[in-house]
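# Structural overview
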Amino acid sequence: MKVIGLSYITLLIYPILAVILLFGFKRAKKGEFNEEWNSFSETKAIQGLMALCIVCHHTAQQTCVNWLPSGNIVNGLNVFSDTGFLFVGVFFFWSGYGLFKSFTSKQKYLSGFISKRVVPVLVPYVIVCFLFTLERIFVFKEKMPLWFKITNFTGITIGYYFGWYIQAIVVFYLVFYFAFKYSRYDFDAILYVFAGVLLWVVAGLIIDHNDYFMRGQWWYNSTMLFPFGVLFAKNESKIIEFLKKRFKILVPSSIILFFLSFFFSRFMESIGGYYGEMMGFPFSKKILYRVLTLTPQLLAAVMFTLILILICMKAKFHNKVLDFLGSHTLEIYLTHAFFLEFFAISYNYKRDSIFYARPWLLLLVTFILTIPAAVLLKKACNLLCKKPVR
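As the structure is a prediction and not an experimental result, all values here were calculated from the model.

Definitions and limits used
- Residues numbered from 1 in each chain as written.
- Predicted model: local features only at pLDDT ≥ 70, side-chain atom pairs only at ≥ 80, totals over all residues.
- Heavy atoms only, no water.
- Helix = DSSP H or I, 4+ residues; strand = E, 2+ residues; numbered from the N terminus.
- Rg over C-alpha atoms; globule rule 2.2 N^0.38 Å.
- Buried < 20%, exposed > 50% of the residue type's maximum accessible area, 1.4 Å probe, protein only.
- Contact = heavy atoms within 4.5 Å.
- Areas by Shrake-Rupley, 256 points an atom, 1.4 Å probe, with all protein chains shown as cover.
- Expected span 1.5 Å × (residues − 1).
- Patch = residues over 30% accessible without salt bridge, like charges linked within 9 Å, V, L, I, M, F, W, Y side chains within 5 Å.
- Salt bridge = Lys/Arg side-chain N within 4 Å of Asp/Glu carboxyl O.
- Disulfide = S-S within 2.5 Å.
- Arc of directions from axis to C-beta.
- Phe/Tyr/Trp six-rings, centres within 6.5 Å; stacked < 30°, edge-to-face > 60°.
- Core = buried A, V, L, I, M, F, W, Y, C linked by side-chain atoms within 4.5 Å.
- Axes fitted to C-alpha atoms, helices over the stretch in contact; angles between N-to-C directions.
- Parallel < 35°, antiparallel > 145°, perpendicular 65-115°, else oblique.
- Left-handed = near helix turned anticlockwise from the far one by under 90°.
- Nonpolar A, V, L, I, M, F, W, Y, C, P; charged D, E, K, R; others polar.

### Digging into the overall build of the protein chain
Within the protein chain one finds 16 helices and 4 strands. Against the globule reference of 21 Å for 390 residues, the protein chain gives a C-alpha radius of gyration of 21 Å, in line with a compact fold. Seen along its three principal axes, the alpha-carbon backbone of the protein chain occupies a region of about 60 × 50 × 50 Å. Counting across all 390 residues of the protein chain, residues that qualify as buried make up 53%. In the protein chain, of all internal contacts separated by at least 6 residues, the share reaching a separation of at least 24 is 75%. With an accessible surface of roughly 18,900 Å², the protein chain has 68% of that area assigned to carbon and sulfur atoms.

Written out as C-alpha cells, the structure reads:
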C-alpha cells in the first residue's frame, strides 16, 4: 500500500465544520445557562452537524484507513476514521430521549405509533435499498444469488451499505412501543427497553463478522445510548440540576474520561479487539476481548454525548445551514453512499481520474450531490406517507 503524505486541502473540512457550527452562535451570559438547549431546533442542529461528520467518517474509510485493498492512503480525514460510533451514538441518544418526551407530553402517543414513527423511517430505507442494490448489481458488477438480491431490494438484508442503523432504530422503536404499551409503570418499561437493546448488543458480541446480519461491531457499539436517552428524559430535571451544580468539574472530567476510554478502546482494537475470529481466538477469549473493547467505546460514546450536552447548556447554535441539515439528517445518511461509493472507485483505482488520490474532491462532490438527493428523497417520502418525514 502506497501512502501519499497529507492532503492539505482536505484539512479545510475542519474549519468549514467549525464555521457551520459557530455561525450565529450565541453564548449564555456568565453564570447562566441556555435553557433551550434541549429544544427540537437545538437538538436537530447538533444532529445535522453529526450527519456531516458521518459523511466525513465514511469518506475517511475510503481514503486514509489501513485496510484499503488497493490505491493510495492520503491523510487528512484521519480524525473521522475511527469516530463514527460517537456520531451515531448522538442519534441513538436523541431518538430515545425524543420518544420518551413525546410519550409523556402527547396524549395517546402510542396510538398509531407504527404508522407515525416506524413507517416514515422504513419507507425511505426501502427506497434506498432498492436503488442502491441496482447500483451494486449494474454499476459495481457485484455478484449475488437471487435470494440475496430479493432481500437486499426489500431491505431485509442490508441492500444499502450503511442501512444497519435503520434496522437497529426500527427494532428499538418497536421495543419502546411494546415496553410502554404493556407496562404499568415507566420504571418497568425503561428496564424492558434496556433489556431489549442489551439483547441486540449480546447478539452482536456473539455473532462473527459476516455479510448479512450483525455484520460487525458498528452495529452495536453505540446502541446503548438509546436507552440512556430514555432514562435521561425520564429523570431530566434532576440530571440537569446536577449538571448545572457540577458544571465546572464535569467539563474537564468528562473530556479526560472521554480521551482515556477512547484510546484504551483503540489499544484493545490493536491487539485483536472485535476481530477474535480472525486471530484464531477460542470462543471465551473472543467474547472477552470484544467486551473489553466495547466497554470503553461505550463509555467514550456516553462522554462524547455528555460533552455536547454541556456545551449546548452554555451556548446556542442556530443558523439556516444547521436548520436545513437538521431537517434532512435521515435523508443525508441514506443517500450519501450512492455517490461516495461510486466515486471512491475512481479515487482508489483509476489513476487517470480527477478523483484519484484526492480525498477533498471525493468529499466535496459527495456533499454537493447528496444535498439535492436528500431533498428529493424527503419530498418523495412526504408524498408516499402523506405527512412530513422528520
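### Remarks on helix α2 (residues 40-63)
Within an α-helix, residues lying three or four positions from one another point in the same direction, as the helix has 3.6 residues per turn. Compared with an ideal rise of 1.5 Å per residue, which puts 24 residues at 34 Å, α2 spans 35 Å between its outermost C-alpha atoms and is within 8% of the ideal. Most of α2 sits out of view: 21 of its 24 residues are buried.

### Describing a nonpolar patch on the surface
Taken together, the side chains of Trp-147, Leu-198, Val-202, Ile-206, Ile-207, Tyr-212, Phe-213 and Phe-283 make up a nonpolar region of the molecular surface, amounting to roughly 740 Å² of accessible area. For the nonpolar patch, the element with the highest residue contribution is helix α8 (residues 186-206), accounting for 3 residues. Summarising the element assignment, Ile-207 is placed in the loop between α8 and α9 (225-234). Accessibility expressed as a relative area gives 31% for Ile-207, which makes it partly exposed.

### With respect to the state of the cysteines
According to the stated counting rule, one finds 0 disulfides in the structure shown. Cysteine Cys-53 shares no disulfide, and the gap to the nearest cysteine sulfur, in Cys-56, comes to 6.0 Å. We classify Cys-53 as buried; its relative accessible area is 8%. Considering cysteine sulfurs only, Cys-381 is the nearest to Cys-129, which forms no disulfide, with 12 Å between them. With relative accessibility at 0%, the residue Cys-129 sits in the buried group.

### Details of helix α10 (residues 236-245)
Residues of α10 that are buried: Glu-236, Ile-240 and Leu-243. Down the axis of α10, the sector holding all buried residues measures 60°, keeping them to one side. Turned more than 90 degrees from where α10 packs its buried face, Ser-237, Lys-238 and Lys-245 sit exposed. Looking at the packing, one finds that the buried side of α10 touches α4 (84-105), α9, α11 (247-270) and α13 (283-314).

### Digging into the packing of aromatic side chains
Taken as a whole and judged by the stated rule, the model has 54 aromatic pairs. Ring geometry for Phe-100 against Phe-103: centres 6.3 Å apart, planes inclined by 45°, an arrangement best described as tilted. With a gap of 3 residues between them, Phe-100 and Phe-103 both fall in helix α4, about one helical turn apart. Overall, Phe-100 belongs to the buried group, its relative accessible area being 3%. On the basis of relative accessible area, Phe-103 is assigned to the partly exposed category, the value being 23%. Ring geometry for Phe-132 against Phe-140: centres 6.3 Å apart, planes inclined by 75°, an arrangement best described as edge-to-face. For the pair Phe-132 and Phe-140, a shared accessibility class is recorded, and that class is buried. An aromatic cluster of at least three residues, connected via ring pairs, comprises Phe-91, Phe-92, Trp-164, Tyr-165, Phe-172, Trp-200, Phe-213, Trp-219, Phe-226 and Tyr-333.

### Observations concerning the pattern of salt bridges
In the structure shown here, the tally under the stated rule is 11 salt bridges. Close ionic contact of Glu-241 with Lys-245 constitutes a salt bridge, the shortest N to O distance being 3.3 Å. Placement of both Glu-241 and Lys-245 in helix α10 is noted, with a separation of 4 residues, approximately one turn of the helix. For Glu-241, a relative accessible area of 43% corresponds to the partly exposed category. Relative accessible area serves as the criterion here: at 58%, Lys-245 is assigned to the exposed category. Arg-290 is paired through a salt bridge with Glu-277; the nearest N and O atoms lie 2.7 Å apart. Separated by 13 residues along the polypeptide, Arg-290 in helix α13 and Glu-277 in helix α12 (residues 276-279) bring together distant segments of the chain. When its relative accessible area of 1% is taken as the criterion, Arg-290 is described as buried. Among the residues examined, Glu-277 registers a relative accessible area of 24% and is labelled partly exposed.

### A closer look at the environment of Phe-130
Looking at the element boundaries, Phe-130 is found in helix α5 (residues 113-139). Sequence spacing of Phe-130 and Gly-159 is 29 residues, and the spatial spacing of their C-alpha atoms is 7.0 Å.

### Some words on the nonpolar core
Grouped together as the largest cluster of nonpolar side chains are 126 residues, with contacts concentrated most on Met-50, Phe-92, Phe-176, Phe-180 and Phe-226. A per-element tally of this core places α13 first, with 13 residues. Other than its neighbours up to four places away in sequence, Phe-176 contacts Leu-99, Phe-100, Phe-103, Leu-110, Phe-113, Val-193, Phe-226 and Val-230.

### Here's the deal with the packing of α8 against α13
Working note: a packed helix pair is described by the angle between its axes plus the distance between those axes. One can describe the packing of α8 onto α13 by two numbers: an axis separation of 9 Å at closest approach and a directional angle of 130°. The angle between α8 and α13 falls in the class oblique. Of the two possible hands of crossing, α8 and α13 adopt the one that is right-handed. Two secondary-structure elements touch here, α8 through Val-201, Gly-204, Leu-205 and Ile-206 and α13 through Phe-283, Ile-287, Arg-290, Val-291 and Leu-294. Along the lines of polarity and charge, the residues of the contact of α8 with α13 split into 7 nonpolar, 1 polar and 1 charged.

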